[in-house]
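Each chain, letter by letter, is given below.
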Amino acid sequence: MTEQNCLVTNDWICGEYLRTRSQELTDATLQHIGITLASVAIGLAVSLPLALLARRWRFLAGPILGVTTVLYSVPSLAMFSLLLPFFGLSASLVVTGLVLYSLTVLVRNILAGLQAVPDEARDAAKGMGYGPLRLLWEVELPLALPALLAGVRITTVSTVALTTVGAIVDYGGLGTLILDGLDTTFKAQVLTASVLCVLLAVVADLLLLALQRWLTPWTRPPRIRTSRTGRAAAVAKVAEPV
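Presented here is a report on the structure given in the accompanying data block.

About the cut-offs
- Residues numbered from 1 in each chain as written.
- Predicted model: local features only at pLDDT ≥ 70, side-chain atom pairs only at ≥ 80, totals over all residues.
- Heavy atoms only, no water.
- Helix = DSSP H or I, 4+ residues; strand = E, 2+ residues; numbered from the N terminus.
- Contact = heavy atoms within 4.5 Å.
- Axes fitted to C-alpha atoms, helices over the stretch in contact; angles between N-to-C directions.
- Parallel < 35°, antiparallel > 145°, perpendicular 65-115°, else oblique.
- Left-handed = near helix turned anticlockwise from the far one by under 90°.
- Nonpolar A, V, L, I, M, F, W, Y, C, P; charged D, E, K, R; others polar.
- Expected span 1.5 Å × (residues − 1).
- Buried < 20%, exposed > 50% of the residue type's maximum accessible area, 1.4 Å probe, protein only.
- Arc of directions from axis to C-beta.
- Core = buried A, V, L, I, M, F, W, Y, C linked by side-chain atoms within 4.5 Å.
- Patch = residues over 30% accessible without salt bridge, like charges linked within 9 Å, V, L, I, M, F, W, Y side chains within 5 Å.
- Areas by Shrake-Rupley, 256 points an atom, 1.4 Å probe, with all protein chains shown as cover.
- Salt bridge = Lys/Arg side-chain N within 4 Å of Asp/Glu carboxyl O.

## A look at the environment of Cys6
Here is step 1: Along the chain, Cys6 falls in helix α1 (residues 6–9).
Here is step 2: Once the C-alpha coordinates of Cys6 and Glu16 are considered, the two residues, ten residues apart in sequence, prove to be 7.0 Å apart.
Here is step 3: Contact partners of Cys6, with chain neighbours within four places excluded, come to Asp11, Ile13, Cys14, Gly15 and Glu16.

As structure tokens, then:
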């Protein structure tokens, strides 16, 4: 009886809210995921050329990193307001703002990964006849993957959080539900949407961590496997009298 009346009593935890608003929660979650994926993907596509430019012409590294840092320092409300005349009240407004925020972490991590590639690996690949593009795609980028994917993980988690700010233009995914719940003091909606937002960030980070471990097996510590015979020999040796 209490669960059925939790909407009336405005409880923080309310099963009836989950049952009656499941479609609304699903739509908001899918919008949140869509905006996050689009922002990170576009941010990665923009960051890679910028990092390559900064690596190729060192005099550009300072301006590129400086501009991306300045963009990241702009408050989200101000950023969306500056972009509003160009994109209007649309999802493109939110995605563009999130892409600009992602550049700081992505460009720095990609550049750091590329700069960490050993010169011996480059020289060996050139000695085997690798051209610039083949060298980049088959040698440099694979070796830069740990730093690149670490940047993607950080960017994805922060983008999940920043997407909620898009609620001010009604394209904030779960953030829209949080804002509406705060305006109407709807406790169950605020708590449920907030928990889902946190779960999205945690799940995204775990999935990307698993992807990173799968794509970069050389970064994992080697497993020490001792055979049964070896273990028995070791025990026998310890047990020998002095």
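## Let's talk about the packing of helix α7 (residues 119–127) against helix α8 (residues 132–163)
Here is step 1: Across the interface, α7 lies against α8 with an axial gap of 11 Å and an inter-helix angle of 160°. As the angle between them shows, α7 and α8 are arranged roughly antiparallel. Remark: the crossing between α7 and α8 carries right-handed chirality. Packed against α7, whose contacting residues are Ala121, Arg122, Ala125 and Lys126, the element α8 presents Leu135, Val139, Glu140 and Leu143 at the interface.
Here is step 2: Looking at side-chain class alone, the contact of α7 with α8 contains five nonpolar, no polar and three charged residues.

## Considerations on helix α4 (residues 61–73)
Here is step 1: Its 13 residues give α4 an end-to-end C-alpha distance of 18 Å, which sits within 8% of 18 Å, the value for a rise of 1.5 Å per residue.
Here is step 2: Buried within α4 are the following residues: Ala61, Ile64, Leu65 and Thr68. Here the buried residues of α4 occupy an arc of 90° about the axis, which is enough to place them on one side. Turned more than 90 degrees from where α4 packs its buried face, Val67, Val70 and Ser73 sit exposed.
Here is step 3: Tucked into the core, α4 has its buried residues touching α3 (22–56) and α6 (91–115).

## Let's talk about the nonpolar core
Here is step 1: By size, the foremost hydrophobic cluster in this structure holds 21 residues, and its most contacted members are Ile110, Leu114 and Val152.
Here is step 2: Counting only elements with at least two residues in this core, the list comes to α3, α4, α6 and α8.
Here is step 3: Looking at which element gives the most residues to this core, the answer is α8, with seven residues.
Here is step 4: In this view, Val152 contacts Val40, Leu44, Leu106 and Leu208; residues no more than four positions away in its chain are not counted.
Here is step 5: Residues Ala28, Val160, Cys197 and Leu200 belong to the second largest nonpolar core, which totals 15 residues.

## Thoughts on the side chain of Thr155
Here is step 1: Among the secondary structure elements, Thr155 is positioned in helix α8.
Here is step 2: Exposure remark for Thr155: the relative accessible area of 1% places this residue in the buried category.

## Here's the deal with a nonpolar patch on the surface
Here is step 1: Side chains of Trp12, Ile13, Leu191, Val195 and Leu199 sit close together on the surface and give an oily, nonpolar patch of about 500 Å² of accessible area.
Here is step 2: For Leu199, the location among the structural elements is in helix α10 (residues 187–215).
Here is step 3: Relative accessible area serves as the criterion here: at 46%, Leu199 is assigned to the partly exposed category.

## Details of α10
Because an α-helix packs 3.6 residues into every turn, residues spaced three or four apart end up facing the same way.
Here is step 1: A rise of 1.5 Å per residue sets the reference length of α10, with its 29 residues, at 42 Å; its end C-alpha atoms lie 42 Å apart and thus fit the reference within 8%.
Here is step 2: Regarding α10, the residues found buried are Ala188, Gln189, Val190, Thr192, Ala193, Cys197, Leu200, Ala201, Ala204, Leu208 and Gln212.
Here is step 3: For α10, the elements touching its buried residues are α2 (15–20), α3, α8 and α9 (174–183).

## Some words on the packing of α4 against α6
Here is step 1: The contact between α4 and α6 brings their axes to 7 Å, and the two run at 145°. The interaxial crossing formed by α4 with α6 has left-handed handedness. Contacts between α4 and α6 involve Ile64, Leu65, Thr68, Thr69, Leu71 and Tyr72 from the former and Leu100, Tyr101, Leu103, Thr104, Val107, Arg108 and Leu111 from the latter.

## With respect to the pattern of salt bridges
Here is step 1: For the coordinates displayed, the defined rule picks out six salt bridges.
Here is step 2: Between Asp205 and Arg153 there is a salt bridge whose closest N-O contact spans 2.9 Å. Taken as a pair, Asp205 in helix α10 and Arg153 in helix α8 lie far apart in primary sequence, 52 residues in all.
Here is step 3: Via salt bridges that share partners, Arg55, Asp119, Arg122 and Glu140 belong to a single interconnected network.

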